[in-house]
Amino acid sequence: MSELRELYQEVILEHSKKPRNYRVLETANHKAEGFNPLCGDHFTVYLDVKDGAISDIGFQGSGCAISKASASMMTQTLKGKTTGEAEGIFSKFHDLVTGQAAGSGEDLGKLAVFAGVSEFPLRVKCATLAWHALRAALYGEEQAISTE
Amino acid sequence: MSTVAKTPHEIRAEPMFDVHKIRRDFPILHQQVHGKPLVYLDNAATTQKPLAVIEAISNYYRHDNSNIHRGVHTLSERATEAYEKVRAAAQKFLNAASSKEIIFVRGTTEAINLVAQTYGRKNVSSGDEVVITAMEHHSNIVPWQLLCEEKGARLRVAPINDRGELLLEEFEKLLGPKTKIVAIGHLSNALGTINPVREIVRMAHARNIPVLVDGAQAAPRMQVDVQELDCDFYALSGHKLYGPTGIGILYGKMELLETMPPWQGGGDMIASVTFEKTVYNRLPYKFEAGTPNIADTIGLGAAIEYLSTLGLEQIEQHEAGLLNYATQAVGAIPGVRLVGTAKEKAGVLSFVMDDIHPHDIGTILDSEGIAVRTGHHCAQPVMQRFNIPATARASLGLYNTRQEIDALVAGIYKVQEVMG
Ligand SMILES: Cc1ncc(COP(=O)(O)O)c(C=O)c1O
């Protein structure tokens, strides 16, 4: 039960029910879809990148609580960050949810709530889906990316 | 010593299906998952294996392992005999007219591909049509799509209603002179719907159209009689039938199998080979190229024997009672909606929950030791039909109990509690 509570923390549940930046970005100059064929999770991430920084970000789609909360908190975290910083954060986030991080993700701020995912290897794909879509958007991959 | 003669009534009154006794035949069921007793409700994905199956495979490798249809030595003779005995058992199990109509394949998927690639490629041409239904598993969709793409033919899909039942009249309207084959599931793995196969075959045969039946889910749940159904092909998987993975059966009517070209070439499927001409072997070997999966075929034989001893009718009754119980109990939970409510249904309880994604349901139930499947169940068009991304699915096996359904219900309440 405690592992479950670690996974489904209040913050995560709250974000999954009321996702932030949950909108199509009219001004987007980058966008990409992320798709997990295994469970049908499907998100589109929209980015407005100006002078190497993410000036605005939004997402839409459907998925489980973990994938939705992760997408929501990703958009909150990355707004205003340079694309280089976004890369660095994703790399740390990835280490955190796969259990490879040295600490418990203190330097990730709010995103540290996802540490519990590392106890559920099958859910890592959920936690990283929107992030993979983000990378696809930044690097201009047109096709929907898939976690499989 | 006195023996009292039993009246027929008394014999019938004996408990014929003692599920608690049966559970002892399945070693895997007696374990804890996350500190809770395992409740295995993912039987539509694959079933657990009774000791008889595990031991048949092990004994084969310990005592009889050899290649078949080749050597004259004792082990080869034993292996060949054991292998062919399973063919005879499978014939009886499906009530096929001849054991030559039983072809061993890797599973349902391979069986369907075999028919699409042999019967299909020979008989379907540009402008022709293949008819399936909206509730098919991907393995009864994609092989036909591949065929249609290659031939310039068209795949037609018979619609279903909101309960997940085939619209028979709409189905019949799709049948015409261009229809070259009908392929339908006997029992839907995503919805549990039992299709009226006999009726469908009658409609198709009235127009001289052959019918393939995907029996992956029906074969473990009901008595299948291919002659009574009068279907032309019937496909099933051993691993869903309490047997091993990697082995399945394609039943085909002799007169159709005779006219079909072979699929794969190699050893065993030939009568004679020269570089100028190869003469193919007779049925069923024409379709069994190369060394087959001997050990798992023997395992499948043990599974068929096990099921026949329990009696398919008893299994069907047991599961029907359980499904009824589960439908009422799960259906009564506020915030839960059942997907697939056909009148004729078996084995499968698919559901969705308000504001809770099936993936989260699956993780939380697993933490309670309950194994269900979540996702699209290899039937994405079914999900699209019901406008949902996925469902959670509890699927029954002959060893499931009411207590396990109670555990599922408690687990669903737990899901609601965790997800707030
Ligand atoms: C209705 C149905 N058809 C076909 C299949 C495919 O069976 P297999 O993967 O054993 O080839 C399945 C298995 O999930 C099924 O449920």
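What you see is a predicted model; the values in this text were computed from it and never measured.

### Let's talk about the overall build of chain B
And then number 1: The number of helices and strands found in chain B is 15 helices and 17 strands.
And then number 2: For 420 residues, the compact-globule estimate of 2.2 N^0.38 gives 22 Å, and the C-alpha radius of gyration of chain B, at 23 Å, lies within 12% of that figure.
And then number 3: Seen along its three principal axes, the alpha-carbon backbone of chain B occupies a region of about 70 × 65 × 45 Å.
And then number 4: Summarising the internal contacts of chain B: among those between residues at least 6 apart in sequence, 72% fall at separations of at least 24.
And then number 5: Surface summary for chain B: the accessible area is close to 18,100 Å², and the carbon and sulfur share equals 51%.
And then number 6: Taking the average place of the 41 positive charges on the side chains of chain B and the average place of its 47 negative ones, the gap between the two points comes to 2 Å.

### Quick notes on the interface of chain A and chain B
A common way to express how large an interface is: the accessible area buried when the components associate.
And then number 1: Residue-level contacts link 19 residues of chain A with 16 residues of chain B.
And then number 2: Carbon and sulfur atoms make up 58% of the area that chain A and chain B hide from each other, which totals about 1,400 Å².
And then number 3: If you sort the residues of chain A by the area they bury against chain B, Leu4, Tyr8 and Cys39 of chain A come out on top, with a joint share of 31%.
And then number 4: Close ionic contact of Arg123 of chain A with Asp360 of chain B constitutes a salt bridge, the shortest N to O distance being 2.8 Å.
And then number 5: Summed over the shared surface of chain A and chain B, the result is eight residue pairs in polar contact (both at pLDDT 80 or more).
And then number 6: Contributions of two or more residues to the side of chain A that touches chain B are made by helix H1 (2-7), helix H2 (10-17) and helix H3 (65-78) of chain A.
And then number 7: When residues of the side of chain A that touches chain B are assigned to their parent elements, the largest contribution, three residues, is made by H1 of chain A.
And then number 8: Its residues placed into classes, the side of chain A that touches chain B shows 13 nonpolar, two polar and four charged.

### Topic: the site of the ligand
Residues and elements named next belong to chain B.
And then number 1: Near the ligand, the surroundings consist of Thr108, Thr109, His137, Ser139, Asn189, Asp214, Ala216, Gln217, Ser237, His239 and Lys240.
And then number 2: Here an oxygen atom of the ligand sits 2.5 Å away from a polar atom, N or O, in the side chain of Thr109.
And then number 3: Measuring from a nitrogen atom of the ligand, one finds a side-chain N or O atom of Asp214 at 2.5 Å.
And then number 4: Calculation on the ligand without its partners gives an accessible area of 390 Å², and the protein chains cover 85% of this total.
And then number 5: Taken together, the residues that form the shell around the ligand break down as one nonpolar, eight polar and two charged.

### Considerations on the layout of surface pockets
And then number 1: Put simply, the largest pocket is a space of about 560 Å³.
And then number 2: Around the largest pocket, the lining comprises 22 residues; the ones closest to its centre are Leu122 of chain A together with His359, Gly362, Thr363 and Thr374 of chain B.
And then number 3: Mapped by element, the contributors of at least two residues to the lining of the largest pocket are helix H13 (358-367), strand S15 (370-371) and strand S16 (373-375) of chain B.
And then number 4: Ranked by residues supplied to the lining of the largest pocket, first place goes to H13 of chain B with four residues.
And then number 5: The class makeup of the residues in the lining of the largest pocket is seven nonpolar, eight polar and seven charged.

### Describing the pattern of salt bridges
Residues and elements named next belong to chain B.
And then number 1: The tally for this structure, following the rule as stated, stands at 27 salt bridges over all chains.
And then number 2: The residue Glu129 makes a salt bridge to Arg156 at a minimum N-O spacing of 3.2 Å. Here the residue Glu129 occupies a position in strand S5 (residues 129-133), and Arg156 occupies one in strand S6 (residues 154-158), the gap between them amounting to 27 residues.
And then number 3: Glu368 is the salt-bridge partner of Lys414, the closest N and O atoms lying 2.8 Å from each other.

### Quick look at the environment of Thr98 of chain A
Residues and elements named next belong to chain A.
And then number 1: Here Thr98 lies in the loop between helix H4 (83-97) and helix H5 (124-138).
And then number 2: Linking Thr98 and Val117, residues 19 residues apart in sequence, is a C-alpha distance of 7.4 Å.
And then number 3: Aside from chain neighbours lying at most four places away, what touches Thr98 is Ser118 and Val124.
And then number 4: Polar contacts involving the side chain of Thr98 include one to the main-chain carbonyl oxygen of His94, which spans 2.6 Å.

### Details of the sheet that holds strand S17 (residues 391-395) of chain B
Sheet strands associate in pairs through backbone hydrogen bonding, adopting either a parallel or an antiparallel arrangement.
All names here are of chain B.
And then number 1: Across the sheet, four strands lie side by side as S13-S14-S17-S16; this open sheet has antiparallel pairing. Where the open sheet ends on each side, the last strands, each with one partner, are strand S13 (336-339) and S16. Across the sheet, the axes of successive neighbouring strands diverge by a mean angle of 30 degrees, strand direction being ignored.
And then number 2: Relative to S17, S16 is paired through three bridges, and the arrangement is antiparallel. Note on S17: the bridge partner recorded for Thr374 is Ala392.
And then number 3: Here helix H12 (residues 312-331) sits on the sheet and contacts S13 and strand S14 (348-353); the angle it forms with S14, its principal contact strand, is near 5 degrees.
And then number 4: Docked against the sheet, helix H15 (residues 402-419) engages S13, S14 and S17, running at close to 15 degrees with respect to S14.

### A few points about the pairing of strand S9 (residues 233-237) of chain B
All names here are of chain B.
And then number 1: The buried fraction of S9 is high, at five of five residues.
And then number 2: Along S9, one buried face is formed by Phe233, Ala235 and Ser237 and the opposite face, lined by Tyr234 and Leu236, is buried too.
And then number 3: Of the strand pairs in this sheet, S9 and strand S10 (residues 248-252) are connected by five bridges, and their pairing is antiparallel. Within S10, the residue paired with Phe233 across the bridge is Gly252.

### Re the state of the cysteines
And then number 1: Under the criterion given, the structure shown has zero disulfides over all chains.
And then number 2: Cys64 of chain A takes part in no disulfide bond, and the closest cysteine sulfur, belonging to Cys126 of chain A, lies 3.8 Å away.

Cut-off values and rules
- Residues numbered from 1 in each chain as written.
- Chains lettered and ligands numbered in written order.
- Predicted model: local features only at pLDDT ≥ 70, side-chain atom pairs only at ≥ 80, totals over all residues.
- Heavy atoms only, no water.
- Helix = DSSP H or I, 4+ residues; strand = E, 2+ residues; numbered from the N terminus.
- Rg over C-alpha atoms; globule rule 2.2 N^0.38 Å.
- Contact = heavy atoms within 4.5 Å.
- Areas by Shrake-Rupley, 256 points an atom, 1.4 Å probe, with all protein chains shown as cover.
- Lys, Arg positive; Asp, Glu negative; His and termini not counted.
- Charge placed at Lys NZ, Arg CZ, Asp CG, Glu CD.
- Buried area = accessible area lost by both parts, 1.4 Å probe.
- Salt bridge = Lys/Arg side-chain N within 4 Å of Asp/Glu carboxyl O.
- Polar contact = N/O pair within 3.5 Å; in protein donor to acceptor, adjacent residues only side chain to side chain.
- Nonpolar A, V, L, I, M, F, W, Y, C, P; charged D, E, K, R; others polar.
- Near = heavy atom within 4 Å.
- 1 Å grid on protein atoms, 1.4 Å probe; cavity = no way out; pocket = protein on both sides within 12 Å on 5 of 7 lines; lining within 4 Å.
- Points joined across faces, edges and corners; volume = space filled by probe spheres on them.
- Pairing = 2+ DSSP bridges.
- Axes fitted to C-alpha atoms, helices over the stretch in contact; angles between N-to-C directions.
- Buried < 20%, exposed > 50% of the residue type's maximum accessible area, 1.4 Å probe, protein only.
- Disulfide = S-S within 2.5 Å.

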